[in-house]
Number of protein chains: 2
Amino acid sequence: MDQVNLKKLAKELNLAVSTVSRALRDSHEISSQTKERVRELALKLGFQPNPHASSLRQNKSKTIAVIIPEIENNFFSQVINGIESVTPSKGYHVLIYLSHEDYNKERDILQLLRNGRVDGIMISVSNTTSNYDHIDAWRQAGIPVVLFDRTSEELDVPNIMTNDAEMAFKATEHLLKRGCKNIAFLGMAGNLSISNRRKVGYLSALEKFKIATPPQIVELTSKDYTNREILRKLFQDQPRPDGIFAAIEKFAVNTYEVCKEINLHIPQDVKVISFSNLQAAALFDPALSTIIQPAYDIGREAASILFKLIEKKMLMPYEKKMILPSQLIERASTAVTGQ
Amino acid sequence: MDQVNLKKLAKELNLAVSTVSRALRDSHEISSQTKERVRELALKLGFQPNPHASSLRQNKSKTIAVIIPEIENNFFSQVINGIESVTPSKGYHVLIYLSHEDYNKERDILQLLRNGRVDGIMISVSNTTSNYDHIDAWRQAGIPVVLFDRTSEELDVPNIMTNDAEMAFKATEHLLKRGCKNIAFLGMAGNLSISNRRKVGYLSALEKFKIATPPQIVELTSKDYTNREILRKLFQDQPRPDGIFAAIEKFAVNTYEVCKEINLHIPQDVKVISFSNLQAAALFDPALSTIIQPAYDIGREAASILFKLIEKKMLMPYEKKMILPSQLIERASTAVTGQ
DNA sequence: ACATTTTTCGAAATCGTTTGCAAAGAAATT
DNA sequence: AATTTCTTTGCAAACGATTTCGAAAAATGT
């Protein structure tokens, strides 16, 4: 409506538009008196420069995009929180996109953003993504990209993640030390590198401790219903697993649900440990042993690295592949039961 | 870099820029043959119009902002999910801002957005917000605003929320019917209308059932540590509450933590019910009775209404104040114990 | 007093898209 | 055949901020 713009300020002050613009950007070629006059009026009228005009002229949007598979997941919420801990101070804005674990959506989103709407993107790929050309196209175009958590070895872009294999090893080792003989790994369908890392940790623990029973790798999805179906079958088979290592929180929840339903006792009949960022895990019945990922830090670091790229700063070697350690919290779901 | 724009397309096709533009927007004044030629090349070169140029020219950004107090809360995550269920099909983009329960941040964010960066905003106010002028300024400027969940009666903008008072009444009634004599209400500090609505429901239930013991209203914050401190004191006082009605999930979690710590048994010693959107509430020890808010629907409806405003459509009367019902799920934390 | 530098400011081009208006040609009407 | 109408296209002016270039004014040096 009565939008206040540079022209209006200039007219009011009897100055040229260019002078007003320079004054507000604190240019050295404007006298401090005029700067003061300009700033005063700008403040009084609540002037905010039109972002589209600036973006068009300067060819930068002061906006980044965050593309995640889903948001109803504590991990990703915490990551966003971490990202938001850096963006405002940089004067940046954050666009959120959900791929809903769908490669086509992910590709379309990236295509949609391909014309200056954002200065960089942070992405955690969907579990149906196996081709990374849509991401590589950005790298080729010279637009900063950072991958976090669900990363890819194929792409020459910074990866920020946690020590998945190591923690998966420890989780499996933990179950073995608590007496489990037959541990099943609940992984995500698809061939995400993160799932592979966790699977590798699981397998190498079994190998290191020379477990005779073959590994049991169960692939679950994002659908609670089918997951429970699969888990019911799993627990009916002989030999029944006496240890469950869930690669993601949702699968642990599904496991609890099914155990309750078919009257299997945790930890007596089966012990459970899971990657999870839920504060309430300690309140579960029984309290769930978890591997907590540094989600907030991952978001913060990933954003910081993205800004370094945007500002064309050099990255330190360790910033190209940053691994932030997770933490294993032992609780009742993996306790030894005397029987 | 080698950005493809209208000028490039025009030159390639030997057409005027305006013709290409019109062809891509499917204008009636362009022959179908040229349209075809233009579209073909545009597709081949992967042309995406520069959003800043369009926004500048058309004075609309195809972007909305969502301002929430925090994101590490299942409720708000689900709301965002609901919002995102409408935005892509409208060709809109979603900016996320966190006020961190800080009125000043909230005001600054709104100020920052005041120049066409967004076509509308959706906001759930912070609990330190008691003055609504910063929001009213938007309404006055004619830019669409929608409030959700944490709404305000003062403002003449659409409010989308749940039936807080009614459900608070039911929750309190539920505790009373399960034998509680001394129910404490855990509300949020500040004077949010949503807290008031829930408090009113609590009080009117006590009144209706002619409870002699005075109401006990406890104000908690977003800091776990201080909350636990306060709760410890609460449980030491005599008479000790035998029922807890938590207005938000976090407070129920804090209650569980403290009860575990000081060895109070739920539901024998104290029964607990809470507003909560956590799927895992059923897995708590004991399973937590909850009032589930239709978070996804709130997000979806709020976004739909915002788009109606943006498209300058008339709102139905019920859309100006939309109340979506919550659901009470009774679980073990409010079970009657035979003793 | 004159030349030179420095300071301060304005005019105009620019970013890429959209759109009002004019113009040219084809088709239809009289 | 002359006129009007319709279709299709191009030209040029927006949108608002930034920035290059250059001019005027002031300050400095000789």
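Residues numbered from 1 in each chain as written. Chains lettered and ligands numbered in written order. Predicted model: local features only at pLDDT ≥ 70, side-chain atom pairs only at ≥ 80, totals over all residues. Heavy atoms only, no water.

As named in an unreviewed UniProt entry, chain A is LacI family transcriptional regulator, taken from Niastella yeongjuensis.

Caption draft 1: Spatial organisation of the protein's contact with DNA strand D. For DNA strand D, the set of nearby residues contains 26 residues, the closest of which are A:Leu6, A:Arg57, B:Thr19, B:Arg22 and B:Glu29. By atom count, sugar and phosphate contribute 58% of the portion of DNA strand D lying within 4 Å of the protein. One nitrogen or oxygen atom from the main chain of B:Ala16 is found 2.8 Å from a phosphate oxygen belonging to DNA strand D. Side-chain polar atom of B:Arg22 to a base oxygen of DNA strand D: 2.7 Å apart, as the coordinates give it. Of all the secondary-structure elements, those providing two or more residues to the surface near DNA strand D are helix 2 (17-24) and helix 4 (51-58) of chain A together with helix 2 (17-24) and helix 4 (51-58) of chain B. When the residues that make up the surface near DNA strand D are grouped by side-chain class, the tally is nine nonpolar, 11 polar and six charged. (Near = heavy atom within 4 Å. Polar contact = N/O pair within 3.5 Å; in protein donor to acceptor, adjacent residues only side chain to side chain. Helix = DSSP H or I, 4+ residues; strand = E, 2+ residues; numbered from the N terminus. Nonpolar A, V, L, I, M, F, W, Y, C, P; charged D, E, K, R; others polar.)

Caption draft 2: Representation of the interface of chain B and chain A in the model. Counting from both sides, the interface comprises 49 residues of chain B and, opposite them, 49 residues of chain A. Buried surface at the junction of chain B and chain A, summed over both partners, amounts to about 4,700 Å²; 54% is from carbon and sulfur atoms. If you look at where chain B meets chain A, you find zero salt bridges. Our count for the chain B to chain A interface comes out at 25 residue pairs in polar contact (both at pLDDT 80 or more). (Contact = heavy atoms within 4.5 Å. Buried area = accessible area lost by both parts, 1.4 Å probe. Salt bridge = Lys/Arg side-chain N within 4 Å of Asp/Glu carboxyl O.)

Caption draft 3: Main features of the environment of B:Pro69. Residues and elements named next belong to chain B. Tracing the sequence through the fold places Pro 69 in the loop between strand 1 (63-68) and helix 5 (74-84). Since its relative accessible area comes to 0%, Pro 69 is described here as buried. Spatially, the C-alpha atoms of Pro 69 and Glu 101 are 4.9 Å apart, while their sequence positions differ by 32 residues. In contact with Pro 69, other than residues within four places in its own chain, are Phe 76, Ser 99, His 100, Glu 101, Ser 124, Val 125, Ser 126 and Arg 150. (Buried < 20%, exposed > 50% of the residue type's maximum accessible area, 1.4 Å probe, protein only.)

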